[in-house]
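Each chain, written out:
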Amino acid sequence: MENSIERGQELDMSEECQACLDKIVRSNRDVILLFILRERPMCGYDLIKEIFSRYNVFLSQGTVYPILYSLEEEGVLRAEFNKGNMRSKSYSITTEGKRFTEEKFEGFIKALEYSLSLFRR
Amino acid sequence: MFRDSLKGIDRLLDTEIPEGSIILVTGAEGTLKSGLAFSLLASELKDGGHGLYATLEQTKESHLSNMLSLGVKRHEGLHIFDYQDMRLEWRDREPDMLKTTEEVLDYYSEKHGSLSLFALDSMNALYTLSDETTNLRREMYYFFDHLRDMGLTSLLIMEDSSRRGPEHFLADGVIELGLVEGADGVKRYIRIRKMRATKHRMERHQMVVDRDGISILGPIY
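Residues numbered from 1 in each chain as written. Chains lettered and ligands numbered in written order. Predicted model: local features only at pLDDT ≥ 70, side-chain atom pairs only at ≥ 80, totals over all residues.

### Comments concerning the overall build of chain A
Along the backbone of chain A there are five helices and two strands. Going residue by residue from the N terminus, the α and β elements of chain A occur as α-α-α-α-β-β-α. Seen through its C-alpha atoms, chain A measures out along the principal axes to roughly 50 × 35 × 20 Å. When contacts within chain A are restricted to residue pairs at least 6 apart in sequence, long-range pairs at least 24 apart make up 54% of them. (Helix = DSSP H or I, 4+ residues; strand = E, 2+ residues; numbered from the N terminus. Contact = placed C-beta atoms within 7 Å.)

### Quick word on the interface of chain B and chain A
Contacts between the two partners involve 15 residues from chain B and, on the opposite side, 16 residues from chain A. At the level of secondary structure, the elements contributing two or more residues to the side of chain B that touches chain A comprise helix H3 (84-89) and helix H4 (97-112) of chain B. Here the side of chain B that touches chain A takes seven residues from H4 of chain B, the largest share from any one element. Residues that form the side of chain B that touches chain A fall into these classes: eight nonpolar, one polar and six charged. (Nonpolar A, V, L, I, M, F, W, Y, C, P; charged D, E, K, R; others polar.)

### Things to note about the nonpolar core
Among the nonpolar cores identified, the biggest contains 80 residues, and Val 25, Ala 37, Leu 41, Ala 119, Leu 156 and Ile 157 of chain B are the most heavily contacted of them. Not counting the four nearest positions on each side in its chain, Leu 156 of chain B is found in contact with Ile 22, Leu 24, Val 25, Leu 120, Met 123 and Glu 167 of chain B. (Core = buried A, V, L, I, M, F, W, Y, C linked by C-beta atoms within 7 Å. Buried ≥ 20, exposed ≤ 12 C-beta atoms within 10 Å, placed from the backbone.)

### Considering the confidence of the model for chain B
Chain-level statistics for chain B give a pLDDT mean of 90 and a share of 97% at 70 or above. Both confidence scores are given for the complex: pTM 0.89, ipTM 0.87. (pLDDT = per-residue confidence, 0-100.)

### What about the environment of Arg 93 of chain B?
Residues and elements named next belong to chain B. Residue position: Arg 93 is located in the loop between H3 and H4. Looking at Arg 93, the number of C-beta atoms within 10 Å reads 10, which means it is exposed. For Arg 93 and Pro 18, which are 75 residues apart along the polypeptide, the C-alpha to C-alpha distance reads 39 Å.

### Describing the sheet that holds strand S7 (residues 185-195) of chain B
Residues and elements named next belong to chain B. Here nine strands make up an open sheet; going across it, the order is S3-S2-S4-S5-S1-S6-S7-S8-S9 and the pairing mixed. The two strands at the open ends of the sheet, each matched to only one other strand, are strand S3 (78-82) and strand S9 (213-219). On average, each strand axis in the sheet is inclined to that of its neighbour by 25 degrees, with strand direction left out of account. Pairing of strand S8 (residues 205-210) with S9, which is carried by five bridges, proceeds in the antiparallel orientation. Bridge pairing in S9 places Asp 210 opposite Gly 213. Of the strands in this sheet, strand S2 (50-55), S3 and strand S4 (115-121) are in contact with H4, which crosses S2 at around 155 degrees. (Pairing = 2+ DSSP bridges. Axes fitted to C-alpha atoms, helices over the stretch in contact; angles between N-to-C directions.)

### Regarding the pairing of strand S1 (residues 22-27) of chain B
All names here are of chain B. When you tally the buried positions in S1, you get six out of six residues, the bulk of the element. Inspection of the sheet shows S1 paired to strand S5 (residues 153-158) by five bridges, in the parallel sense. Following the sheet pairing, Thr 26 is matched in S5 by Met 158. One ladder, built from five bridges, connects S1 with strand S6 (residues 173-182); its direction is parallel. Each bridged residue has a counterpart across the sheet, and for Leu 24 the counterpart in S6 is Val 174.

### Thoughts on the packing of helix H2 (residues 29-39) of chain A against helix H5 (residues 95-119) of chain A
Residues and elements named next belong to chain A. Direction vectors running N to C along H2 and H5 enclose 125 degrees, while the axes themselves pass 10 Å from each other. Classified by the angle their axes make, H2 and H5 are oblique. For the pair H2 and H5, the sense of crossing is left-handed. For the pair H2 and H5, the contacting residues are Val 31, Leu 34, Phe 35 and Arg 38 in the first and Thr 101, Lys 104, Phe 105 and Phe 108 in the second. Residues of the contact of H2 with H5, tallied by class, amount to five nonpolar, one polar and two charged. (Parallel < 35°, antiparallel > 145°, perpendicular 65-115°, else oblique. Left-handed = near helix turned anticlockwise from the far one by under 90°.)

### Examining the pairing of strand S2 (residues 85-93) of chain A
Two faces belong to every sheet, and in a regular strand the side chains alternate between them. Residues and elements named next belong to chain A. Of the strand pairs in this sheet, strand S1 (residues 77-82) and S2 are connected by six bridges, and their pairing is antiparallel. Paired with Glu 80 across the bridge in S2 is Ser 90. Between the end of S1 and the start of S2, which pair antiparallel, lie two residues, with Gly 84 showing a positive phi angle near 75 degrees.

### Observations concerning helix H3 (residues 44-55) of chain A
A rise of 1.5 Å per residue sets the reference length of H3 of chain A, with its twelve residues, at 16 Å; its end C-alpha atoms lie 16 Å apart and thus fit the reference within 8%. Elements in contact with the buried residues of H3 of chain A: helix H1 (15-27), H2, helix H4 (61-73) and S2 of chain A together with H3 of chain B. Looking one or two residues past H3 of chain A, Asn 56 of chain A carries a phi angle of roughly 60 degrees, positive in sign. (Expected span 1.5 Å × (residues − 1).)

### Regarding the environment of Val 25 of chain A
All names here are of chain A. By the secondary structure assignment, Val 25 is in helix H1. You can call Val 25 partly exposed: it has 19 C-beta atoms within 10 Å. Apart from the residues lying within four places of it in its own chain, the contact partners of Val 25 are Ile 32, Ile 51, Tyr 55 and Val 57.

### Re the environment of Ser 154 of chain B
Residue and element names in this part refer to chain B. Structurally, the position occupied by Ser 154 is in strand S5. Along the chain, Ser 154 and Leu 6 lie 148 residues apart, while their C-alpha atoms are 17 Å from each other. Apart from residues no more than four positions distant in its own chain, Ser 154 is found in contact with Ile 22, Ile 23, Phe 118 and Leu 147.

### Topic: the packing of H2 of chain A against H4 of chain A
Residues and elements named next belong to chain A. Taken N-terminus to C-terminus, the directions of H2 and H4 make an angle of 70 degrees; their axes are 10 Å apart at the nearest point. What the angle tells us is that H2 and H4 run roughly perpendicular. Here H2 and H4 pass one another in a crossing that is right-handed. Residue-level contacts link Arg 29, Asp 30 and Leu 33 of H2 to Thr 63, Val 64 and Ile 67 of H4. Classifying every residue of the contact of H2 with H4 gives three nonpolar, one polar and two charged.

Quick look at the structure:
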């Protein structure tokens, strides 16, 4: 299934680098999803495809849809059927969810920067 | 567990069902399998904790509307996961539903820290959607293992009680629901066919729905 999704870009990375990226993406799925949804609304299928295209990491359905449902229930995301297509719902960040999202990004970026600064000392 | 969950259930259970038990809820259509499973979870979670009701057959909205019509209230800790969006969007390459269910459980357990109850509605739908080449017997064994490792008290709904798949011997308990036709009309019944480490009655008991939800009355002979 993974291979059947076309990659949008070829990544020039060592195996080790890809393995690290894989771990970062998997353990921060919520932040990555929100980051992509901040750019434009998307359905779960397109999100999985987009993440694969950007990071070369395939997130399975069972690790993505529960996050979307939880964030929707918490009021961070809004789900709407796409016009003329009742087969998929697009998720977008709500007005209330914007602040939550910004705080998430800020925390994520700070943590990465701090971690990198320790490595570069 | 469950001995205080429904009005009259102590007519069936002399002792509590051990936590972590995996129980099949079987019966034909219209016997209230979903209603019973949801009621048991909702009742156990009324004082806190977290549980997951995973539905492959209905959307979350339609399931909740059905439960409301049965007088069953949902509590904050009772999460519902419906597979509808996933199934529609991935129609051409449907995911491995057992693996997906395990991942969904892992997510809710990690997020809430204390997931203790789980219901799957239904095993039949899960089988229907599973890849025909999969060795379901073996996969089911690992799925049950996963539920046990998580310590989840699980209610697995199955439409056909006459089918004897691997789940029947892997499960700790089997609750049978059905209909009996008598001189005074059709009545719903509940019967515990098997429940490990629990003292229980074997007779069929009448099950009714009123505005307070599901209640269990005396035996039907």
